[in-house]
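Descriptive structure summary
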Amino acid sequence: MAKRIAAIETVPPRELRALRLDELPHATVALAKFLLGKVLVRDSKEGRVSGRIVETEAYPPGDPACHARSGRTARNASLFLRHGHIYVYRAYGTAMMLNVSSEAEGVGAGVLIRAAEPLTGIEVMRRRRGIDDVYRLTKGPGCLAQAFAVDLGLDGVAYDAANSLWLADDGFGVTKVGRSVRIGITRNADKPWRFFIHGNRWVSGPARLNDGAK
DNA sequence: TGAAAGATTCGCT
DNA sequence: GCGAATCTTTCAG
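Described below are features of the structure shown in this document.

Definitions and cut-offs
Chains are numbered independently. Their residues run from 1 in the order of the written sequence. To read the labels, note that chains go from A and ligands from 1, taken in the order they are written. Reporting in this predicted model follows two pLDDT cut-offs: at least 70 for local features of residues, and 80 or more for side-chain atom pairs to be given and counted; totals over whole chains, interfaces and linings ignore these cut-offs and use all residues. Computation of side-chain values covers all heavy atoms of the structure but excludes hydrogens and water. Here a residue is considered near a molecule or strand provided that any single heavy atom belonging to it is located within 4 Å of it. Residues adjacent in sequence count toward polar contacts only when both atoms are side-chain atoms; beyond that, a polar contact is any pair of N or O atoms within 3.5 Å, and within protein one must be able to donate a hydrogen and the other to accept it. Residue polarity follows a fixed list, in which Ala, Val, Leu, Ile, Met, Phe, Trp, Tyr, Cys and Pro are nonpolar, Asp, Glu, Lys and Arg are charged, and the others, Gly among them, are polar. Joining through side-chain atoms within 4.5 Å is the link that ties buried Ala, Val, Leu, Ile, Met, Phe, Trp, Tyr and Cys residues into a set, and such a set is a nonpolar core. Only protein chains enter the accessibility calculation, which uses a 1.4 Å probe. A residue is then buried if its area is under 20% of the maximum for its type, exposed if over 50%, and partly exposed in between. Throughout, a contact is declared for two residues whenever any of their heavy atoms are within 4.5 Å. Numbering goes from the N terminus for both helices and strands, where a helix is a DSSP run of H or I of at least four residues and a strand is a run of E of at least two. For Phe, Tyr and Trp, where Trp contributes only its six-membered ring, two rings pair if their centres lie within 6.5 Å, and the inter-plane angle classes them as stacked under 30 degrees, edge-to-face over 60, or tilted in between. Paired strands, as defined in this entry, are two strands with at least two bridges between them according to DSSP. Salt bridges, as used here, are contacts in which a Lys or Arg side-chain nitrogen is within 4 Å of a carboxyl oxygen on Asp or Glu.

Notes on the protein's contact with DNA strand C
Near DNA strand C you find Ser-70, Thr-73, Arg-75, Arg-90, Tyr-92 and Gly-93, and these make up its full shell. Take the atoms of DNA strand C that sit within 4 Å of the protein: sugar and phosphate atoms are 79% of them. Taking Ser-70, its side chain carries an N or O atom lying 3.0 Å from a phosphate oxygen of DNA strand C. Separating a base oxygen of DNA strand C from a backbone N or O atom of Tyr-92 is a distance of 2.6 Å. Here the surface near DNA strand C is composed, by residue class, of one nonpolar, three polar and two charged.

In structure tokens form, the structure reads like this:
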């Protein structure tokens, strides 16, 4: 019998309202903050999986750390789509990274979704991840992508319920937003463009308010 | 054509 | 807490 976390398993999900692409901010940093507290939903034949986004990073236009820095290529083309499209890539051979394109068509920029708090479909996530511990299911970008069955086939698709991966608002209010420098990058590493919900257990990096922010 | 770096994770000590 | 694993893309020669 798997260990249960009562506070997670028994809270009934709030009603989800799907976000339309035109409701998303058109600017990268604004979108990174906006996504905190929103719900990421993945539908599949295994059932619905959802989680509250608790950690994001912004990669604005012209940022040397952004994959779009050297112009449009086959790999990063999705970053140049109109804001609200899915950009997926593989890092370090195995980990899939889930991003949201964040600017106008033709402008390369995006927001990385680094972590989420599991809401529904926890058993499905456990199966996909091969672990029981709820606190490790979706902590870190590679783990999140695995729990949500994100693969390269989703690259370039819009966040829309018709495409099985979409964003929703359930009325949750974020009270304390923390910010810090981004994790694991070397270019432009001093910019405080990582955002997270302060005090949340699924945040994958340093969790102090203003950690490292200039 | 070859080499190096990378928005990470997991296991072992 | 540290270091290896892993593989695709990009850049330089």
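Digging into the nonpolar core
Counting 44 residues, the largest nonpolar core has Leu-40, Leu-98, Phe-148, Tyr-159 and Leu-167 as its most contacted members. Leu-40 has contacts with Val-49, Ser-50, Gly-51, Ile-53, Leu-98, Phe-148, Tyr-159, Leu-165, Trp-166 and Leu-167, leaving out every residue within four places of it along the chain. If you look at the next biggest cluster of nonpolar residues, it comprises eleven residues, including Cys-66, Ala-68, Leu-79 and Phe-80.

What to know about the protein's contact with DNA strand B
As a matter of local geometry, DNA strand B sits amid 18 residues, with His-67, Asn-99, Gly-142, Gly-184 and Thr-186 nearest to it. Of all DNA strand B atoms lying within 4 Å of any protein atom, the proportion belonging to sugar or phosphate reaches 50%. Separating a phosphate oxygen of DNA strand B from a backbone N or O atom of Pro-141 is a distance of 3.3 Å. At 3.5 Å, a backbone N or O of Gly-184 approaches a phosphate oxygen of DNA strand B. Elements with a minimum of two residues in the surface near DNA strand B: β5 (95-101), β6 (110-120) and α5 (141-147). Ranked by residues supplied to the surface near DNA strand B, first place goes to α5 with three residues. Of the residues belonging to the surface near DNA strand B, the class tally is ten nonpolar, six polar and two charged.

Side note on the packing of aromatic side chains
Following the criterion strictly, the structure yields two aromatic pairs and no others. Geometrically, the ring pair formed by Tyr-87 and Tyr-89 is stacked, given 5.5 Å between the ring centres and 25° between the ring planes. Across the pair, Tyr-89 and Tyr-87 agree in class, each one buried. Seen in terms of ring centroids, Tyr-135 and Trp-202 are 4.8 Å apart; in terms of plane orientation they differ by 35°. Their pairing is tilted. Here Trp-202 lies in the segment after β9 (194-197) and Tyr-135 lies in helix α4 (residues 134-137), a separation of 67 residues in the sequence.

Examining the pairing of β9
Side chains Arg-194 and Phe-196 project from β9 onto one buried face, and the interleaved Phe-195 and Ile-197 project onto a second face that is buried too. One ladder, built from three bridges, connects strand β3 (residues 47-59) with β9; its direction is antiparallel. Directly across from Glu-57, in β9, lies its bridge partner Arg-194. As defined by bridge partners, strand β8 (residues 177-180) adjoins β9 across four bridges and the pair is classed as antiparallel. Paired with Ser-180 across the strands is Arg-194, a residue of β9.

Brief notes about the pattern of salt bridges
Applying the stated criterion to the full structure yields 13 salt bridges. The salt bridge partner of Asp-43 is Arg-48, with a shortest N-O separation of 2.6 Å. Given the relative accessible area of 42%, Arg-48 is considered partly exposed. Residue Asp-63 is joined to Arg-182 by a salt bridge in which the shortest nitrogen-to-oxygen separation is 2.5 Å.

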